[in-house]
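Residues per chain, in single letters:
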Amino acid sequence: MMPAILVFAEAGGQEAIDKFANATSSGIALGAIYALLALGLVLIYKATQVLNFAHGALAALGAFFAAYLATVLNFPGRYATFLPLTMQWLLSALVAVLITALVGLVLERLAIRPMIGEPLFSVVMITIALDIVIRTITDDFIGNNPRPLGDPWGADVFNVGPAIIAKSEVATLIVTLICLIGIALFFRSRYGVAMRATAFDQEAAMAQGISAGRIFALAWAIGAGLAATAGIFSSLFPRSSIGVSNTTAFFAFRALPAIVIGGLDSITGAVVGGFIVGLAESYAGAYLVGDTWSFLGLGFAGVMPYIVMLVVLIVRPYGLFGTEEIRRV
Amino acid sequence: MLEVANLEVVYNDVVLVLRGLSLNVPDGEIVALLGANGAGKTTALRAITGILDIHEGDITKGSVTFDGEQIDGKDPSAIVRMGIAQVLEGRRIFAEMTVDDNLRAGAFTNTNKASITAAHERVMDLFPVLQGRRKDSAGYLSGGEQQMLAIGRALMADPKLLILDEPTLGLAPMLVQQIRDIIVDINRQDVSVLLIEQNANMALSIANYGYIMETGKVVMDGDPQKLLGDEDVKEFYLGLHSEGERKSFRDVKHYKRRKRWLS
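Computed from a predicted model, the values in this text were never measured in an experiment.

Cut-offs used in this document
Residues numbered from 1 in each chain as written. Chains lettered and ligands numbered in written order. Predicted model: local features only at pLDDT ≥ 70, side-chain atom pairs only at ≥ 80, totals over all residues. Heavy atoms only, no water. Helix = DSSP H or I, 4+ residues; strand = E, 2+ residues; numbered from the N terminus. Rg over C-alpha atoms; globule rule 2.2 N^0.38 Å. Buried < 20%, exposed > 50% of the residue type's maximum accessible area, 1.4 Å probe, protein only. Contact = heavy atoms within 4.5 Å. Lys, Arg positive; Asp, Glu negative; His and termini not counted. Charge placed at Lys NZ, Arg CZ, Asp CG, Glu CD. 1 Å grid on protein atoms, 1.4 Å probe; cavity = no way out; pocket = protein on both sides within 12 Å on 5 of 7 lines; lining within 4 Å. Points joined across faces, edges and corners; volume = space filled by probe spheres on them. Nonpolar A, V, L, I, M, F, W, Y, C, P; charged D, E, K, R; others polar. Patch = residues over 30% accessible without salt bridge, like charges linked within 9 Å, V, L, I, M, F, W, Y side chains within 5 Å. Areas by Shrake-Rupley, 256 points an atom, 1.4 Å probe, with all protein chains shown as cover. Salt bridge = Lys/Arg side-chain N within 4 Å of Asp/Glu carboxyl O. Pairing = 2+ DSSP bridges. Axes fitted to C-alpha atoms, helices over the stretch in contact; angles between N-to-C directions.

Asker: Whenever I open this one, the overall build of chain A confuses me. Can you help?
Answerer: The helix and strand inventory of chain A stands at 13 helices and two strands. By the compact-globule yardstick of 20 Å for 329 residues, chain A fits well, its C-alpha radius of gyration being 20 Å. Along the three orthogonal principal directions, the C-alpha set of chain A runs to about 65 × 55 × 35 Å. Counting every position in chain A, which comprises 329 residues, the buried fraction comes to 51%. Put simply, of all contacts in chain A between residues at least 6 apart along the chain, 74% involve residues at least 24 apart. Averaged over its 17 positive side-chain charges, chain A has a centre that lies 10 Å from the centre of its 18 negative ones.

Structure, rendered in structure tokens:
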């Protein structure tokens, strides 16, 4: 980073440094959310070979649960008033994540399990149907107006050197790191080893007494939980100043370039891809503006991830960390 | 211990693969199941261990019992929990995982920490070559080492009965000897063995009893001496014929006319 900062420093002085630092910090925070979304998608893809199109809907559902628990029910905060407000809110968020994980479990049982052995394409279609159903129900829950999540950070910011960083961004990054460490530890556990085994060779895993169905359910539960986590943090300032709304569900699709860049079946790739996409979007938003770039039009930042994705696909069609000859979905 | 009675298995509702297979593995013995390609050996294994489902196969008649309990229709994990472990044909190790993680996957049904450690030690004793490679990716092991890992993985479940499907497939003669000795060692540790093989010589040299399968049923069974002494077995499985005798073209035609040899 240093040389880059120096170059900018020469070109535009302090202002350029500020701009770069801010673009980088918000890019990392954005990347953290993409990484979370991508992680959930890749986990389900790895274990079941299905790209889950209902991921965004689950993210919105999780964010709604968090908003409802924190602002309407005040659960579990009302039973734990002795805790600081931040802890109370985090507990509400955790409960929301767990409820969404449960929803994932039920969805797998009802909609995905009966499809085992059917063509993968049919299963992917089912996830699209699930997306529509969950999204419609969630929109109805949310109502006409966006629901604020009642998080303790609001629009608070603080300065680190030249960068202005929102407190919620720091929270996002910390939670993402906790999730990543959690997933890494999970993969070393008994069920984690079983999931990797099932992902690699289902029949051989079954021959060891691993119940493939249970592993699928677990993958869906964890995937849905990660979706909810991402949904909650994508509904906070500065991603969204208004809370969870009926556009939250579509945010997840912006993580698609991340998993394609990283390689569909690589956990590391999902995380790296998430941060690449976040930074690319943030830098494009900061630098590809003004008269010189006016031909790109407004909102080009949202297109940038796809351009990165195209470049990666040209150089490495199976993604940066993906297995070569990956299956089509 | 394991009793298979009149088993009939149909794939995709149309392909009749096992037609009344019966066999019996007594406690503490090694039983060999021999047969040519397509005889139904692997299908018999799948029927015993409950993984027919994912191959669109169904047991339409007959039964499988283990220690007096009926196990056909149970799911694979329940069968492993009861004490039947299997080594699939073609090794099927988890190539992307380390040797240790492969073994841990094998120990999935084993929830007792002490017994996992004991099983792990047993595997390391049986296969000292794996000791130095515990952190290596299993895919980088040689074929022989992979087969040993596959057997070790199955042993991690602490089975009472171990079913091996062609453990010597594609291995050099020296390694075949080694695997054979290991099977005998495992059997000495109070594990019954059902050995599914094409290598009749190797299988019958260690078995207490042998079955020969053809087109979905047992056509001949008996103790190894009897099978090894049988003229047809000698000719078709061991590639032997009376010394000095010239084979005439007529014999070949005779074999072709018979299509099936033992029945």
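The structure having been displayed, the exposition proceeds.
Asker: Looking at this structure, how should I read the side chain of threonine 138 of chain A?
Answerer: Residues and elements named next belong to chain A. Inspection of the secondary structure assignment puts threonine 138 in helix 5 (residues 120–142). Overall, threonine 138 belongs to the buried group, its relative accessible area being 1%. Ignoring sequence-local partners within four residues, the contact set of threonine 138 consists of Ala57, Ala60, Leu61 and Phe64.

Asker: How should I be thinking about the layout of surface pockets in this particular structure?
Answerer: Leftover empty space is mapped by rolling, across the atoms, a probe with the size of a water molecule. All names here are of chain A. One number sums up the size of the second largest pocket: a volume of about 550 Å³. As for the second largest pocket, its lining consists of 24 residues, and the residues nearest its centre are Leu94, Val97, Val175, Cys179 and Thr229. Of all the elements in the fold, those that place two or more residues in the lining of the second largest pocket are helix 4 (85–112), helix 6 (167–186) and helix 9 (212–234). Across the lining of the second largest pocket, the residue classes break down as 21 nonpolar, three polar and no charged.

Asker: So what exactly am I meant to see when it comes to a nonpolar patch on the surface here?
Answerer: Residues and elements named next belong to chain A. Residues Tyr68, Val72, Leu73, Phe75 and Tyr79 make up a contiguous nonpolar surface patch of about 460 Å² in total accessible area. Structurally, valine 72 can be placed in helix 3 (residues 55–73). Residue class for valine 72 comes out partly exposed when judged on its relative accessible area of 45%.

Asker: Would you mind going over the sheet that holds strand 5 (residues 69–70) of chain B with me for this structure?
Answerer: The pairing of strands in a sheet comes from backbone hydrogen bonds and takes either a parallel or an antiparallel form. Residue and element names in this part refer to chain B. Spatially, the four strands line up as an open sheet ordered 2-1-4-5, and their pairing is antiparallel. Of all the strands in the sheet, the pair left with one neighbour each is strand 2 (15–25) and strand 5. When strand 1 (residues 2–11) meets strand 2, the two strands line up antiparallel, connected through eight bridges. Counterpart to valine 9 in the pairing with strand 2 is leucine 18. Against the sheet, helix 1 (residues 41–49) contacts strand 1, strand 2 and strand 4 (57–66), and its axis sits at roughly 110° relative to strand 1.

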